[in-house]
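Examination of the molecular architecture
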Amino acid sequence: MNSSSLRTYNSIKLIYLFVAKVFPIVKRELNEWRQKAREAPDARLCQQALESIRWKAFHCQGGSIYALYPGVPRVATIRFIVAYQTMSDYLDNLVDSLEVQDEKAFAQLHLAMQEALNPEADLSDYYLYYPYREDGGYLKKLVQTCQESLRNLPSYQTVQGEAIKLAELYSSLQTYKHLAVSEREGKMVDWIIPHLATDSEITIWEFAAASGSTLGIFCLFSAAHDPKLAEKDVETISQTYFPWICGLHILLDYFIDLREDRETNQLNFVAYYESPEIVFKRLQLFVDNSLKQAERLEYAKFHQVVVQGLLAMYLSDEKSMDGEIQSIVKRLIKKCGIGVKLLYWVCRRLRKRKII
């Protein structure tokens, strides 16, 4: 078997395990959180919690690929990822769906994302500035579940600083991007510029996109199961995932939502590109750098399959058939080679069967 065939075999094997072994556990965990969400006394918070699970379950499915990271306990890893991603999706609904546009309230809510990654943190009053607050302890249960998952990780102290840094970036993004249209762009630019070097390879809006991914946190969590994990390994993971793999993740998400976001006046980072050709070139740059940087990591093939899976998952979405972006989709699939083409084919069939 040549190296190309071996890579394809590994990709298909990983996707098989993903669907057959991981998805059922994700479903079970989400059912438990769904039941807890139903207990929220405030009907508005109950609705947002339930809708975030109903419409964004695929986020938990996708993130749970890290339950197949070599050497991690599958069930415990999925428990953390589902709790953290469910919290992220719930908070996203709270800042986007209830006609609240309060920067202070949004920042306070997102303290949950940071405190969930500190097993010693006392929990804040997350709803302190938010007009609705009676969730029956739902948000705090999500935070506590994450904290409990971290306490026995052999190398969590080694990754904690980088994980919280990513959570802080995510929280800032969510705080600013959901403000009123008249102020959100200026607030985001003021936040991002100090983070970018003058010779940065990425733009302001690409930095913003990378800040919106939780994949770097999930990778660090998985790597922390290794008792011999070194600081230099953590640095390499961070440099690979931010901005490249995290950026690719969210740029693809915005890419397939271009028409929908334009029609609903939602902020879309891909819309800042000046032409379809630039969209293709920048997405391809993120693909190339993600795959290249992944070569530096332990279990490089695993991370490369994650990159290929991101492309296959997003580009197989029905929204990718939109005429506005379809030509770019075809070019990306062709350019990315046989591995992505095969995973794309698999994802299309899984979507037809409504498995993803």
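Preceding this section is the structure that the text describes.
Model, not experiment: these values are computed from the prediction. (Residues numbered from 1 in each chain as written. Predicted model: local features only at pLDDT ≥ 70, side-chain atom pairs only at ≥ 80, totals over all residues. Heavy atoms only, no water.)

1. Considerations on the layout of surface pockets
Quick note on the threshold: Any residue with an atom within 4 Å of a point lines the site, the site being either a cavity, points on a 1 Å grid over the protein atoms alone where a 1.4 Å probe fits but cannot get out, or a pocket, an open set with protein on both sides within 12 Å along at least 5 of 7 lines. Grid points are joined across faces, edges and corners, and a volume is the space filled by probe spheres set on the points. Secondary structure counts use DSSP, requiring at least four H or I residues in a row for a helix and at least two E residues in a row for a strand, with both numbered from the N terminus. Ten residue types, Ala, Val, Leu, Ile, Met, Phe, Trp, Tyr, Cys and Pro, are classed as nonpolar, four, Asp, Glu, Lys and Arg, as charged, and the remainder, Gly among them, as polar.
By volume, the second largest pocket amounts to about 500 Å³. As for the second largest pocket, its lining consists of 19 residues, of which Phe207, Ser238, Gln239, Phe242 and Pro243 are closest to the centre. When residues of the lining of the second largest pocket are traced back to their parent elements, those giving at least two are helix 7 (156–177), helix 11 (231–256) and helix 13 (276–294). Of the residues in the lining of the second largest pocket, the class split is nine nonpolar, six polar and four charged.

2. Comments concerning the packing of helix 11 against helix 14 (residues 300–315)
Rules: For helices, the axis comes from a line fit to the C-alpha atoms of the stretch in contact; other axes are also lines fit to C-alpha atoms, and the angle between any two N-to-C directions lies between 0 and 180 degrees. Here is the rule for angles: anything less than 35 degrees is roughly parallel, anything more than 145 is roughly antiparallel, 65 through 115 is roughly perpendicular, and the remaining ranges are oblique. Contacts: residue pairs with any heavy atoms within 4.5 Å of one another.
Interhelical geometry of helix 11 versus helix 14 gives an angle of 10° and a closest axis separation of 9 Å. As judged from the angle between their axes, helix 11 and helix 14 are roughly parallel. Packed against helix 11, whose contacting residues are Tyr241, Ile245, Leu248, His249, Leu252, Asp253, Phe255 and Ile256, the element helix 14 presents His303, Val307, Leu310, Leu311, Tyr314 and Leu315 at the interface. Classifying every residue of the contact of helix 11 with helix 14 by side-chain character gives eleven nonpolar, two polar and one charged.

3. Looking at the environment of Lys292
Counted only if it meets this: Think of it in three bands: residues with accessible area under 20% of the maximum for their type are buried, residues over 50% are exposed, and the middle band is partly exposed, with areas taken using a 1.4 Å probe on protein chains only.
Relative to the assigned elements, Lys292 resides in helix 13. Judged by its relative accessible area of 56%, Lys292 falls in the exposed class. The sequence separation of Lys292 and Leu109 amounts to 183 residues, and the corresponding C-alpha distance is 36 Å.

4. Overview of helix 9 (residues 204–211)
The element helix 9 is largely enclosed, with a buried count of seven among its eight residues. Taken together, the buried positions of helix 9 are occupied by Trp205, Glu206, Phe207, Ala208, Ala209, Ala210 and Ser211.

5. What to know about unusual backbone geometry
A cis amide bond links Phe242 to the next residue, Pro243, at an omega of 15°. Residues other than glycine seldom take positive phi values, yet Asn265 does so here, at roughly 60°. Relative to the helices and strands, Asn265 resides in the loop between helix 12 (258–264) and helix 13. For Asn265, a relative accessible area of 49% gives the class partly exposed. Positive phi outside glycine occurs at Lys354, with the angle close to 60°. Within the secondary structure layout, Lys354 lies in the segment after helix 16 (338–352). The exposure class assigned to Lys354 is exposed, which follows from its relative accessible area of 73%.

6. Side note on the packing of helix 8 (residues 181–192) against helix 9
At their nearest, the axes of helix 8 and helix 9 sit 10 Å apart, and the two run at 85° to each other. Judged by the angle between their axes, helix 8 and helix 9 are roughly perpendicular. Contacts from Glu185, Met188, Val189, Trp191 and Ile192 of helix 8 reach helix 9 at Ile204, Trp205, Phe207, Ala208 and Ser211. Along the lines of polarity and charge, the residues of the contact of helix 8 with helix 9 split into eight nonpolar, one polar and one charged.

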